[in-house]
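Architecture at a glance
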Amino acid sequence: MPKLHSDIGLIGLAVMGQNLALNIADHGFQISVYNRTTEKTTKFVAEHPDTPGGLIGAAALQEFVQSLSRPRKIIILVQAGAATDAVIDSLMPLLAPGDIIIDGGNAKWTDTIRREKTLREKKLRFIGSGVSGGETGARFGPSLMPGGDPAAYRELEPIWNAIAAKVDAKTGRPIPGAQPGRPVEGGVPCATYIGPDGAGHYVKMVHNGIEYGDMQMICEAYDLMRGLLGMKAEEIGAVFAGWNQGPLDSYLVEITADILRQKDPVTKKKALVDVILDAAGQKGTGKWTSVNALDMGVPAPTVAEAVFARCLSAIKEERVAASIILKGPARKRYAGSRKSLLQAIHDALYCSKICSYAQGFQLMREAQKEYYWTLDFGAIARIWRGGCIIRAAFLQKITEAYGRNPRLANLLLDPYFSKTVKGAQENWRKVVALAAQYGLPTPTFSSALAYYDGYRAARLPANLLQAQRDYFGAHTYERIDQPRGRFFHLDWPEPDRPQTEA
């Protein structure tokens, strides 16, 4: 028998919404569901009559709201932006003080800050929660990044902890095995309270920016094997499968190995990847990460280059025309050791990944100052160990780094990461140099190396740049023989060019 009132409700029954609802019901929570198209609600509930918690369909929004226990907890999983605002606007007159709205979409963190403030003024509570893991994660255990009212999250926490992916408490490795009706038991949930207002959605945005970088780096490694060594897709897939047994163990490396060994279902002979058009799409979160980094003055070039690589791929016809006119080095196979080059590409991928994550965590460090948050970076790395798209063994090393030093300025300064890069950078430099010599684009490998060299440089040529700025715009400069914060200007047009303190 269903309970009189459901534990939680969900609006939006696209694939993500359906899968999250089933995940919640599998864990014994009764959930009410509503979709603007009533037929979709009816069909979904009818197809899943025996979930442990139970699915309750509602044909009208008011009926849906009335079916929930107080304080009401309502998840919204509709298209980010105007659609989310429209759902919130329609809910507000039906809710009572203390009720909780949870936005589980890919909302921009500034929208979440605005919504939380508006609802707080109306005595309603709002949680913006990142949900990572795609359709499979939503169904069997996502990584969850909630932000907003901490008291409201305490109401939601038992459900979020139950449905999240789980990792082993000692090793940090994901605990596999979730199936419909048989959720994973035990382990540490990949869910934690991130911080006030938009903190959860901000961290999810950075996660997605890092994801852009990871994907592009893997693509560059694939392209180097193909372009320098003439390897076929299946051979490259076997290399990635081997790499997935070591430090590069991750979901994205795992699926890359699978993808590269997949035959085209049409021709039955060609590799599927060889018949897919090289024009990548994007949904905007990588761009948000890059723009935000620029706004806050945080160097995040590797994420930005991954976004630009997608933009460049999208102008396919223009590139085809340019390939006839613009010539690079004569294409030839690499004549050295295949084994040593594969190891070098592995090392370049790992070092670039370290730099990309270092940039993402630096960005979050700066954001907490900007928005008055206090972020637990070790916990963030931990909840990314399972469920999410960037889940990787490597993230355990980040959790350990922040465990050693919670105030770590940059991941590259942690003993593990600094030692790793020191030992692998010769191979990293070799790969970037070879790519340039052979005319193969490696935007993330190259930008990550430039970031590393820039970050470790005690002196950069910005002294000349600042002199240029002072010359044409009187922007002033600081001196190395004076304390920081004292600014000077040279009167460049004057014959004797006197210096004055600004």
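For the structure, see preceding data.
Calculation notes
- Residues numbered from 1 in each chain as written.
- Predicted model: local features only at pLDDT ≥ 70, side-chain atom pairs only at ≥ 80, totals over all residues.
- Heavy atoms only, no water.
- Buried < 20%, exposed > 50% of the residue type's maximum accessible area, 1.4 Å probe, protein only.
- Helix = DSSP H or I, 4+ residues; strand = E, 2+ residues; numbered from the N terminus.
- Pairing = 2+ DSSP bridges.
- Phe/Tyr/Trp six-rings, centres within 6.5 Å; stacked < 30°, edge-to-face > 60°.
- Lys NZ or Arg CZ within 6 Å of the ring centre and 35° of its normal.
- Contact = heavy atoms within 4.5 Å.
- Polar contact = N/O pair within 3.5 Å; in protein donor to acceptor, adjacent residues only side chain to side chain.
- Axes fitted to C-alpha atoms, helices over the stretch in contact; angles between N-to-C directions.

1. Considering the pairing of strand β7 (residues 143–148)
Where burial is concerned, most of β7 is hidden: six out of the six residues are buried. Going residue by residue along β7, you find Ser143, Met145 and Gly147 tucked away on one face and Leu144, Pro146 and Gly148 tucked away on the opposite face as well. As paired strands, strand β6 (residues 125–132) and β7 are joined by six bridges and run antiparallel to one another. Bridge pairing links Gly130 to Met145 in β7.

2. Here we look at the packing of aromatic side chains
Summed over the entire model, instances satisfying the criterion amount to 19 aromatic pairs. Judged by centre distance (5.4 Å) and plane angle (45°), the ring pair of Phe377 and Tyr402 falls under tilted. Here Phe377, found in helix α15 (residues 377–383), pairs with Tyr402, found in helix α16 (residues 394–404); they are 25 residues apart in sequence, far enough to count as distant. Since its relative accessible area comes to 6%, Tyr402 is described here as buried. Ring centres of Tyr416 and Phe417 lie 5.0 Å apart, and the angle between their planes is 80°; on these two criteria the pair is classed as edge-to-face. Here Tyr416 falls in the partly exposed class, since its relative accessible area comes to 25%. The ring of Tyr438 has Lys332 lying over it, and the distance from NZ or CZ to the ring centre is 5.0 Å. The ring of Tyr416 carries Lys397 above its face, with NZ or CZ at 4.8 Å from the centroid.

3. Quick notes on the environment of Gln362
Mapped onto the elements of the fold, Gln362 is located in helix α14 (residues 338–371). Distance in space between the C-alpha atoms of Gln362 and Lys268 is 46 Å, their sequence separation being 94 residues. Excluding anything up to four places from it in sequence, Gln362 contacts Val298, Pro299, Ala409, Asn410, Tyr451 and Tyr455. Reaching out from Gln362, the side chain makes a polar contact with the side chain of Asn410 at a distance of 3.4 Å.

4. What to know about the sheet that holds strand β4 (residues 73–76)
Strand order in the open sheet made by the seven strands is β3-β2-β1-β4-β5-β6-β7, with mixed pairing throughout. Taken across any chain shown, the strands that pair with only one partner, and hence form the sheet edges, are β3 (55–57) and β7. Neighbour-to-neighbour, the strand axes of this sheet turn through a mean angle of 25°, independent of strand direction. Where strand β1 (residues 8–11) meets strand β2 (residues 31–34), four bridges bridge the pair, whose relative direction is parallel. Paired with Ile11 across the two strands is Tyr34, which belongs to β2.

5. Observations regarding the environment of Val184
Mapping Val184 onto the fold places it in the loop between β8 (166–167) and β9 (188–189). On the basis of relative accessibility, which here comes to 15%, the residue Val184 falls in the buried class.

6. Some details on unusual backbone geometry
Following Arg70, the chain continues into Pro71 via a peptide bond in cis, with omega recorded as -10°. The residue Pro71 is located in the loop between α3 (61–66) and β4 in this model. Phi is positive for Lys268, which is not a glycine, with a value near 70°. Within the fold, Lys268 resides in the loop between α10 (251–260) and α11 (285–296). For Arg497, which is not glycine, the phi dihedral falls at a positive 45°.

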